Amino acid sequence: MKQFLSVHDVPDLPGLVQEALWLKQNPYADENLGRHKTLGLLFFNASLRTRLSTQKAAENLGMKVMVMNVTTDSWGLEFEDGAIMNGNKAEHVKEAAAVVGQYCDIIGVRSFPSLTDREKDYQEQVIKQFVKYAGVPILSLESATRHPLQSFTDLITIEETKTVARPKVVLTWAPHVKALPQAVPNSFAEWMNAADVDFVITHPEGYALAPEFSGNARVTHNQREAFEGADFIYAKNWSSYETYGQIINSDPAWMITQEKMGLTNQAKFMHCLPVRRNLVVEDAVLDSANSIVIQEAGNRVWAAQAVLKRMLQA
Ligand SMILES: NCCC[C@H](NC(=O)CCC(=O)O)C(=O)O
Ligand SMILES: NC(=O)OP(=O)(O)O
């Protein structure tokens, strides 16, 4: 793989899933593959899981890792072509990406959307500028519209915990106090549509995902109906795509409760984390035996390791 920005960069999805599950059993099998190779991780936004799991994955492959919180530790970056740089941005991405490319063999980038300019966010300007100017392969650590390492993790977690061959997987919107990106649900939908699962999305009116991501998934505004017979409940808040970046519903009735989990086929509860307790999901669900959020976060290592392995072999 020459880059990892979306599921479209994966030539054989079942093969990559098996690779990640194999690496979970054999974490040090490729400990010399990344010898003398350096991974740079650039964060424009906060992270706990992505930062630590990707670093651990790279170290399991023998890579050296450099991590930078770009917004606080480096120069303000300009992304507009032809900009007259007389404001507070000291460096253009043309130089910055190319320079980091001199030090690193692979560069990971996390950059959230503005949530103010839909067209610009969905053009993925930031990560695409890194692809254009870095001169080395780029790994998405969550971009404006996608979080492929998370979605890949979610798929391997479903694969290792499913009890039926073709599980019913439900992506459900849940309330939140902040306007959050659509990256996680977009990406989850894109990966589930590419996998062999029965995929359903449920959200309040006005929260439809961009059609390029929801694809042919079944969509319902009736959360209880969606939960019936589900094998996996994947909860996530997102801000509206239609009324771009806005919170247009905060109805607590959409919170995930034990009572609603009772409608399912003893579904496993999933969330990418961080999650706000008793707002998105009640304590009783997160603390139940059916919650697999910690296992899911643990699997971030194996997803990242499988992807980095393929990128090193490219
Ligand atoms: N990387 C996983 C999710 C990151 C981000 N969540 C957040 O910003 C939560 C922030 C808060 O709860 O204050 C999101 O939804 O895309
Ligand atoms: N799920 C996830 O990406 O977590 P972080 O934002 O903490 O990296």
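Residues numbered from 1 in each chain as written. Chains lettered and ligands numbered in written order. Predicted model: local features only at pLDDT ≥ 70, side-chain atom pairs only at ≥ 80, totals over all residues. Heavy atoms only, no water.

As recorded by an unreviewed UniProt entry, the protein chain carries the name N-succinylornithine carbamoyltransferase and is attributed to Siphonobacter curvatus. The UniProt entry for the protein chain carries the following text under Sequence similarities (unreviewed entry): "Belongs to the aspartate/ornithine carbamoyltransferase superfamily. SOTCase family." (UniProt positions renumbered as here; feature names shortened; annotations may be inferred.)

1. Quick word on the site of ligand 2
The environment of ligand 2 is formed by Ser47, Leu48, Arg49, Thr50, Arg110, His147, Gln150, Cys272, Leu273 and Arg300. Within the contact set of ligand 2, an oxygen atom lies 2.7 Å away from a side-chain nitrogen or oxygen of Ser47. One nitrogen or oxygen atom from the side chain of His147 is found 2.8 Å from an oxygen atom belonging to ligand 2. In the complex, the protein chains occlude 94% of the 250 Å² of accessible area that ligand 2 would expose alone. (Near = heavy atom within 4 Å. Polar contact = N/O pair within 3.5 Å; in protein donor to acceptor, adjacent residues only side chain to side chain. Areas by Shrake-Rupley, 256 points an atom, 1.4 Å probe, with all protein chains shown as cover.)

2. With respect to the domain arrangement of the protein chain
With domains assigned, the protein chain is organised as domain 1 (7–147 + 300–313) and domain 2 (150–297). With centres defined by C-alpha atoms, the gap from domain 1 to domain 2 works out at 25 Å. Here domain 1 packs against domain 2, burying approximately 2,600 Å² in sum over the two surfaces, 63% of which is carbon and sulfur. Linking domain 1 with domain 2 are 2 salt bridges. For Lys24, the salt bridge is made with Glu160, and the minimal N-O distance between the two is 3.0 Å. Our count for the domain 1 to domain 2 interface comes out at 13 residue pairs in polar contact (both at pLDDT 80 or more). Of all the elements in the fold, those that place two or more residues in the side of domain 1 that touches domain 2 are α1 (13–25), α5 (118–122) and α14 (300–313). Ranked by residues supplied to the side of domain 1 that touches domain 2, first place goes to α1 with 7 residues. In terms of residue class, the side of domain 1 that touches domain 2 is made up of 16 nonpolar, 6 polar and 8 charged. (Domains from an automatic or database assignment. Buried area = accessible area lost by both parts, 1.4 Å probe. Salt bridge = Lys/Arg side-chain N within 4 Å of Asp/Glu carboxyl O. Helix = DSSP H or I, 4+ residues; strand = E, 2+ residues; numbered from the N terminus. Nonpolar A, V, L, I, M, F, W, Y, C, P; charged D, E, K, R; others polar.)

3. A few points about the site of ligand 1
Taken together, Arg110, Phe112, Glu142, His147, His176, Lys178, Leu180, Pro181, Lys236, Cys272, Leu273 and Arg276 make up all the residues around ligand 1. Note that an oxygen atom of ligand 1 is positioned 3.0 Å from one of the side-chain N or O atoms of Lys178. Here ligand 1 loses 85% of its free accessible area of 420 Å² to cover by the protein chains. A breakdown of the residues in the shell around ligand 1 according to their chemical character gives 5 nonpolar, 2 polar and 5 charged. Taken domain by domain, the shell around ligand 1 gets at least three of its residues from each of domain 1 (7–147 + 300–313) and domain 2 (150–297).

4. Some points on the pattern of salt bridges
Under the counting rule described, the total for this entry stands at 13 salt bridges. In this structure, Glu159 and Lys162 form a salt bridge, with 3.3 Å as the shortest nitrogen-oxygen distance. Look at Glu159 and you get partly exposed, because its relative accessible area is 31%. For Lys162, a relative accessible area of 26% translates into the label partly exposed. Where salt bridges share partners, they join Glu19, Asp30 and Lys309 into one cluster. (Buried < 20%, exposed > 50% of the residue type's maximum accessible area, 1.4 Å probe, protein only.)

5. Considerations on the UniProt feature "domain: Aspartate/ornithine carbamoyltransferase carbamoyl-P binding" (unreviewed entry) in the protein chain
Per the UniProt entry, the sites bearing "domain: Aspartate/ornithine carbamoyltransferase carbamoyl-P binding" (unreviewed entry) are residues 2–160 in this numbering. Measuring from the first to the last C-alpha atom of residues 2–160 gives 27 Å, for a span that is 43% helix and 15% strand.

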